[in-house]
Amino acid sequence: MKIFKTIKLLIIMLLMVWGCAGQPAPEPAPPDDLIIRRVSVIPGFTKKQLFDASKKWVAQSFSDSIDIIQYANSSKGIVIGKTFIPHERPNRLSTPDHYECRFTIMAETKDQKIRTTFKDFYLMSAFGPQIILKSDMEVIRPKLENTVNALISSFSAIVQEENW
């Protein structure tokens, strides 16, 4: 009876390995996918107002670390930070793998405009840096775009508060 259980276990393991080997290799994200840039027009706001709001947004939106901002220059209208967002990648055999998606964020401001750039992406796991796959960026991109949308919509809230 014990031999049948062993044979059954070996067959299951072979099927699992054969099934994994039959899968196509995951596709790494192309270099163009590893930069997310957006220019937003925000009428009625000065460079200084947009810079101050961008600096606050970078500091509050991504992590609980107060050391996120690496560089801020109000005369140039630039805020640069390094931060991360949590990311999960489906795993074939068990629960999803958990990562920190680390990146650099830059907000550049002019009168009535903000340009946001996310770049230098990499995934960090307990085993070190991992390659970012195309499927990872399909999940990460909308999350980051939503944070930019929140920044832009915050300016319409300011206008509404002023006109109460």
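Residues numbered from 1 in each chain as written. Predicted model: local features only at pLDDT ≥ 70, side-chain atom pairs only at ≥ 80, totals over all residues. Heavy atoms only, no water.

Let's shift gears to the overall build of the protein. The helix and strand tally for the protein stands at three helices and six strands. Relative to its 164 residues, the protein shows a buried fraction of 31%. The long-range fraction of contacts in the protein, counting pairs at least 24 apart against all pairs at least 6 apart in sequence, stands at 60%. With the model as given, the accessible surface of the protein reaches about 11000 Å², and the carbon-plus-sulfur share is 60%. (Helix = DSSP H or I, 4+ residues; strand = E, 2+ residues; numbered from the N terminus. Buried < 20%, exposed > 50% of the residue type's maximum accessible area, 1.4 Å probe, protein only. Contact = heavy atoms within 4.5 Å. Areas by Shrake-Rupley, 256 points an atom, 1.4 Å probe, with all protein chains shown as cover.)

One recurring pattern in soluble globular proteins is that nonpolar side chains are buried together. Core analysis: the largest hydrophobic core is formed by 29 residues, its most contacted members being Trp57, Phe62, Phe103, Phe118, Phe121, Ile140 and Leu144. Broken down by secondary-structure element, the contributors of at least two residues to this core are α2 (47-61), β3 (78-89), β4 (97-110), β5 (113-125) and α3 (134-162). No other element matches the seven residues that α3 contributes to this core. Residues contacting Ile140, with those up to four places away along its chain left out, are Ile85, His87, Cys101, Phe121 and Leu123. (Core = buried A, V, L, I, M, F, W, Y, C linked by side-chain atoms within 4.5 Å.)

A few words now on the packing of aromatic side chains. Inspection of every chain in the model, using the stated rule, returns three aromatic pairs. Both rings, one in Phe103 and one in Phe118, keep their centres 5.7 Å apart while their planes meet at 70 degrees; by these two values the pair is edge-to-face. Of this pair, Phe103 sits in strand β4 while Phe118 is found in strand β5, placing the two residues 15 residues apart along the sequence. Considered together, Phe103 and Phe118 belong to a single accessibility category, that of buried residues. Residues Phe103 and Phe121 carry aromatic rings whose centres are separated by 5.6 Å and whose planes lie at 35 degrees to one another, so their mutual orientation is tilted. Of this pair, Phe103 sits in strand β4 while Phe121 is found in strand β5, placing the two residues 18 residues apart along the sequence. For Phe103, a relative accessible area of 3% corresponds to the buried category. Clustering of aromatic rings is evident, with ring pairs tying together Phe103, Phe118 and Phe121. (Phe/Tyr/Trp six-rings, centres within 6.5 Å; stacked < 30°, edge-to-face > 60°.)

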